[in-house]
Amino acid sequence: MTTSASAPGQTPTPITWTIAARQAPPAVAGGQVGVLALQGDFLEHAIVLKQLGVRTPEVRKAEELEALDGLIIPGGESTTMAILMDTWGLRDAICRRARQGMAVWGSCAGMILIASSLRDDRPKPLGLMNIRVARNAFGRQVDSFEADLQVAPLGGRPFHAVFIRAPLILEVGEGVEILARLEDETPVAARQGKLLATAFHPELTDDFRFHQYFVDIAKGVR
Amino acid sequence: MALGTNGTSTGTWQVKVGLAQMLKGGVIMDVVTAEHAKIAEDAGACAVMALERVPSDIRAAGGVARMSDPDIILRIMDTVTIPVMAKCRIGHFAEARVLEALGVDYIDESEVLTPADEANHVWKHDFKVPFVCGCRELGEAVRRIAEGAAMIRTKGEAGTGNVVEAVRHMRAVNSGVRKVQGMSNEELMAEAKTIGAPLDILLEVKRLGRLPVVNFAAGGLATPSDAALMMHLGCDGVFVGSGIFKSSDPDLRARAIVKAVTHYQDWGIVAEASKGLGEPMPGLDVRTLKPEQLLAVRGW
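Remember, it's a predicted structure, so these values are computed and weren't measured experimentally.

Calculation rules
Residues numbered from 1 in each chain as written. Chains lettered and ligands numbered in written order. Predicted model: local features only at pLDDT ≥ 70, side-chain atom pairs only at ≥ 80, totals over all residues. Heavy atoms only, no water. Helix = DSSP H or I, 4+ residues; strand = E, 2+ residues; numbered from the N terminus. Rg over C-alpha atoms; globule rule 2.2 N^0.38 Å. Contact = heavy atoms within 4.5 Å. Areas by Shrake-Rupley, 256 points an atom, 1.4 Å probe, with all protein chains shown as cover. Lys, Arg positive; Asp, Glu negative; His and termini not counted. Charge placed at Lys NZ, Arg CZ, Asp CG, Glu CD. Axes fitted to C-alpha atoms, helices over the stretch in contact; angles between N-to-C directions. Left-handed = near helix turned anticlockwise from the far one by under 90°. Nonpolar A, V, L, I, M, F, W, Y, C, P; charged D, E, K, R; others polar. Parallel < 35°, antiparallel > 145°, perpendicular 65-115°, else oblique. Pairing = 2+ DSSP bridges. Buried area = accessible area lost by both parts, 1.4 Å probe. Salt bridge = Lys/Arg side-chain N within 4 Å of Asp/Glu carboxyl O. Buried < 20%, exposed > 50% of the residue type's maximum accessible area, 1.4 Å probe, protein only. pLDDT = per-residue confidence, 0-100. Core = buried A, V, L, I, M, F, W, Y, C linked by side-chain atoms within 4.5 Å. Phe/Tyr/Trp six-rings, centres within 6.5 Å; stacked < 30°, edge-to-face > 60°. Lys NZ or Arg CZ within 6 Å of the ring centre and 35° of its normal.

### Brief notes about the overall build of chain B
Okay, so step 1: Looking only at helices and strands, chain B features 13 helices and ten strands.
Okay, so step 2: For a compact globule of 300 residues, the expected C-alpha radius of gyration is about 19 Å, and chain B comes in at 18 Å, within 12% of that figure.
Okay, so step 3: The dimensions of chain B, computed from C-alpha atoms along their principal axes, are 55 × 45 × 40 Å.
Okay, so step 4: Partitioning the intrachain contacts of chain B with sequence separation of at least 6 by distance along the chain shows that 66% fall at a separation of at least 24.
Okay, so step 5: Counting every atom, chain B has about 11300 Å² of accessible surface; 53% of that belongs to carbon and sulfur.
Okay, so step 6: Distance between charge centres in chain B, computed from 33 positive and 37 negative side chains, equals 3 Å.

What follows is the structure in structure tokens.
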């Protein structure tokens with residue numbers, strides 16, 4: 001074994017310890033936040049969570065939801081993800097776990113999927129959060145954009161948000177708090193208890209404040 | 001880049017690369033009619049490629065293959081809500097401008113069509129719409145990224161139903177990335193010269209240990225196992241061209257390939273998805289093709 005230099009009589013420290021620690025950061029007490037890994041940018045979310053020291057299982061089957069305190073439904077294609085949730089029996093399982101107190105964050109396609117109703121007739125959303133959502137609300141890909149947002153619970157510094165074929169929130173119901181709006185007042189982020197929705201993609205930037213906020217919600221400290 | 005409403009900026013590198021990131025873990029299917037597009041969407045495709053002919057029919061037809069009739073592309077855009085891609089000829093920036101004006105979500109500057117410029121590819125940074133381009137090895141991938149491609153795919157050998165070239169190209173990219181990772185910066189400058197790739201992007205490849213944009217497999221995939229094979233070789237998702245709508249049961253095969261991509265790490269599911277799919281598309285031995293029939297050598 002390769003060891004670092006050490007004074008006589010001291011126990012040498014294997015260099016590999018440091019390397020192993022960097023590859024697999026220790027889990028933080030308070031558990032696991034999984035990422036729905038059917039399709040989309042689930043790895044981008046997982047990388048951020050790992051950097052925050054949170055254990056992040058990829059979820060492709062219903063039984064993989066059982067141990068989770070929180071679940072992120074990532075960006076991707078909402079139609080595709082809805083079909084795959086039905087194919088793999090995840091629709092009812094996610095709803096049941098959410099009722100039991102599992103926190104759920106939908107980013108972009110995920111926000112569409114956790115909504116109670118959509119402007120469009122498909123896909124069929126999970127109906128978890130008391131919001132009405134319009135898909136592809138800003139147009140096609142050439143209309144995708146970036147913008148700086150003020151997000152109250154994240155403190156004063158603006159959050160740089162990336163919107164890709166993004167949805168928007170048309171109406172909010174009881175118990176829903178709007179967290180961020182575009183300059184024209186369009187709501188683009190909201191929270192209802194342990195449910196969080198963003199029309200944009202915090203996982204595509206190196207600002208981890210939204211992920212930390214969700215981890216805190218999942219742990220029940222915010 | 002341009003200013004949009006709400007004090008925002010559109011057409012940025014981040015939103016171009018970002019859309020490809022949303023397609024990861026998915027299957028992009030070639031379709032030639034609105035009915036095909038609907039079948040693909042219902043089967044779980046994450047995007048469709050709108051075409052007049054699938055690559056195997058382009059091969060059979062011969063002659064000059066051009067951008068599709070806008071009518072076909074628009075009908076497909078009206079039918080599905082998932083992103084719609086379309087192909088322009090290599091170097092044909094006017095076809096690309098037409099596709100951008102139609103509002104397609106991604107342009108594939110593709111060797112499957114007859115090249116319009118044998119010396120130059122499109123300068124893709126000038127467009128608001130993002131581009132995907134084919135590659136055979138790391139240098140080619142990095143050249144396309146430098147021109148503004150926000151997504152890369154292997155070229156494979158389209159329309160053959162033979163995955164061998166896609167495997168060759170994916171392995172070549174992987175091996176190129178590993179080589180770069182082991183190099184010091186001064187060696188990297190020498191490598192940049194050797195493989196004809198810009199140094200700044202090679203430095204990014206070294207830092208990330210992968211291409212700095214999403215990389216899909218394409219060109220010859222025909223079965224769920226082909227798709228799982230490519231996912232294990234490290235691609236982010238797959239294109240299936242002729243493989244679906246030239247098979248005996250396109251709907252069943254499309255669903256099976258989607259299953260195999262989602263669960264590529266679970267061989268039981270890939271096995272289950274492979275059962276009873278009927279006849280795959282007829283395959284071609286790439287070694288029997290004449291040099292002028294090879295598509296992957298188009299572009300550089």
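So, next bit.
### Remarks on the packing of helix 2 (residues 34–43) of chain B against helix 4 (residues 70–79) of chain B
Residue and element names in this part refer to chain B.
Okay, so step 1: Where helix 2 contacts helix 4, the axes come no closer than 9 Å and their chain directions differ by 35°. Note that helix 2 runs across helix 4; the crossing there is right-handed. For the pair helix 2 and helix 4, the contacting residues are Ala34, Ala37, Lys38 and Glu41 in the first and Arg75, Ile76 and Thr79 in the second.
Okay, so step 2: Its residues placed into classes, the contact of helix 2 with helix 4 shows three nonpolar, one polar and three charged.

### Thoughts on the packing of helix 3 (residues 78–87) of chain A against helix 4 (residues 90–99) of chain A
Packed helix pairs are characterised by how far apart their axes lie and by the angle those axes make with each other.
Residues and elements named next belong to chain A.
Okay, so step 1: Contact pair helix 3 / helix 4: the axes reach a minimum separation of 6 Å and the direction vectors enclose 90°. Regarding the angle of helix 3 to helix 4, the classification is roughly perpendicular. Along its contact with helix 3, which presents Ala82, Met85 and Asp86, the element helix 4 presents Leu90, Arg91 and Ile94.
Okay, so step 2: Class assignment of the residues belonging to the contact of helix 3 with helix 4 gives a composition of four nonpolar, no polar and two charged.

### Some words on the sheet that holds strand 10 (residues 177–181) of chain A
Residues and elements named next belong to chain A.
Okay, so step 1: Strands sit in the order 2-1-3-4-12-11-10 across an open sheet of seven strands; the sheet is mixed. Across the chains shown, the open sheet's two edge strands, defined by having one partner strand only, are strand 2 (58–59) and strand 10.
Okay, so step 2: Taken together, the two bridges between strand 1 (residues 33–36) and strand 2 define a ladder with parallel strand orientation. Each bridged residue has a counterpart across the sheet, and for Val35 the counterpart in strand 2 is Glu58.
Okay, so step 3: Helix 6 (residues 209–219) contacts strand 1, strand 3 (70–73), strand 4 (103–107), strand 10, strand 11 (187–192) and strand 12 (195–198) of the sheet and is inclined by roughly 155° relative to strand 4.

### Things to note about the interface of chain A and chain B
Okay, so step 1: Each side of the interface is counted separately: chain A has 39 residues, and chain B has 44 residues.
Okay, so step 2: Taken as a group, Arg140, Gln141 and Val142 of chain A account for 19% of the area that chain A buries against chain B, more than any other trio of residues on that side.
Okay, so step 3: At the surface where chain A touches chain B, the tally comes to five salt bridges.
Okay, so step 4: A per-element tally of the side of chain A that touches chain B places helix 3 of chain A first, with five residues.
Okay, so step 5: Looking at the side of chain A that touches chain B, its residues break down into 14 nonpolar, eleven polar and 14 charged.

### Notes on helix 6 of chain A
Residues and elements named next belong to chain A.
Okay, so step 1: Of all eleven residues in helix 6, nine are buried, a share of seventy percent or more.
Okay, so step 2: Arg209, Phe210, His211, Tyr213, Phe214, Val215, Asp216, Ile217 and Ala218 are the residues of helix 6 that are buried.
Okay, so step 3: Backbone geometry just downstream of helix 6 places Gly220 in the positive-phi region, at approximately 80°.

### Re the confidence of the model for chain A
Residue and element names in this part refer to chain A.
Okay, so step 1: The share of residues in chain A with pLDDT of 70 or more is 86%, and the mean pLDDT across the chain is 89.
Okay, so step 2: Confidence drops under pLDDT 50 across residues 1–5; counting only partners more than four residues distant or on other chains, this segment forms eight contacts.
Okay, so step 3: Within the model, pLDDT remains below 50 along residues 14–29, and this stretch shows 14 contacts once partners closer than five positions in the same chain are excluded.

### Some words on the environment of Phe138 of chain A
All names here are of chain A.
Okay, so step 1: Mapped onto the secondary structure, Phe138 falls in the loop between strand 6 (129–134) and strand 7 (145–149).
Okay, so step 2: Note on Phe138: relative accessible area 23%, which makes it partly exposed.
Okay, so step 3: Considering only alpha carbons, one finds Phe138 and Ala166, 28 residues apart in sequence, at a separation of 6.5 Å.
Okay, so step 4: Beyond its immediate stretch of four places on either side in the chain, Phe138 contacts Asp143, Phe145, Ala166, Pro167, Leu168 and Leu182.

### So, the nonpolar core
Okay, so step 1: By size, the foremost hydrophobic cluster in this structure holds 119 residues, and its most contacted members are Phe163 and Phe210 of chain A together with Met230 and Val238 of chain B.
Okay, so step 2: If we skip the residues at most four places from it in the chain, Val238 of chain B touches Gly26, Val27, Ile28, Phe216, Ala217, Leu221, Ala227, Met230, Met231 and Val261 of chain B.

### Here we look at the packing of aromatic side chains
Okay, so step 1: A complete count under the given rule lists twelve aromatic pairs over all chains for this structure.
Okay, so step 2: Ring plane angle 50° and centroid distance 5.6 Å describe the contact between Trp105 of chain A and Phe214 of chain A, whose orientation is recorded as tilted. Of this pair, Trp105 of chain A sits in strand 4 while Phe214 of chain A sits in helix 6, and the two are 109 residues apart along the sequence. An identical accessibility class is assigned to Trp105 of chain A and Phe214 of chain A; each is buried.
Okay, so step 3: An aromatic cluster of at least three residues, connected via ring pairs, comprises Trp105, Phe138, Phe145, Phe159, Phe163, Phe200, Phe210, Tyr213 and Phe214 of chain A.
Okay, so step 4: A cation sits over an aromatic face here: Arg97 of chain B above Phe127 of chain B, 3.8 Å from the ring centre.
Okay, so step 5: The aromatic ring of Trp300 of chain B is capped on one face by Arg144 of chain B, whose charged end is 4.7 Å from the ring centroid.

### Focus on the environment of Ile145 of chain B
All names here are of chain B.
Okay, so step 1: Within the secondary structure, Ile145 sits in helix 6 (residues 138–147).
Okay, so step 2: C-alpha of Ile145 to C-alpha of Ser184: the two residues are 39 residues apart in sequence and 22 Å apart in space.
Okay, so step 3: Sequence-distant contacts of Ile145, that is, excluding residues within four places in its chain, are made with Trp13, His125, Ile152, Ile201, Leu211, Pro212 and Val213.

### Digging into the pairing of strand 4 (residues 47–50) of chain B
Residues and elements named next belong to chain B.
Okay, so step 1: Burial along strand 4 is two-sided: the face carrying Ala47 and Met49 and the face carrying Val48 and Ala50 are both buried.
Okay, so step 2: Examined bridge by bridge, strand 3 (residues 27–31) and strand 4 share four bridges and lie parallel to one another. Note that in strand 4 the partner of Met29 across the bridge is Val48.
Okay, so step 3: One ladder, built from three bridges, connects strand 4 with strand 5 (residues 84–89); its direction is parallel. Among the inter-strand pairings, Met49 is bridged to a residue of strand 5, identified as Met85.

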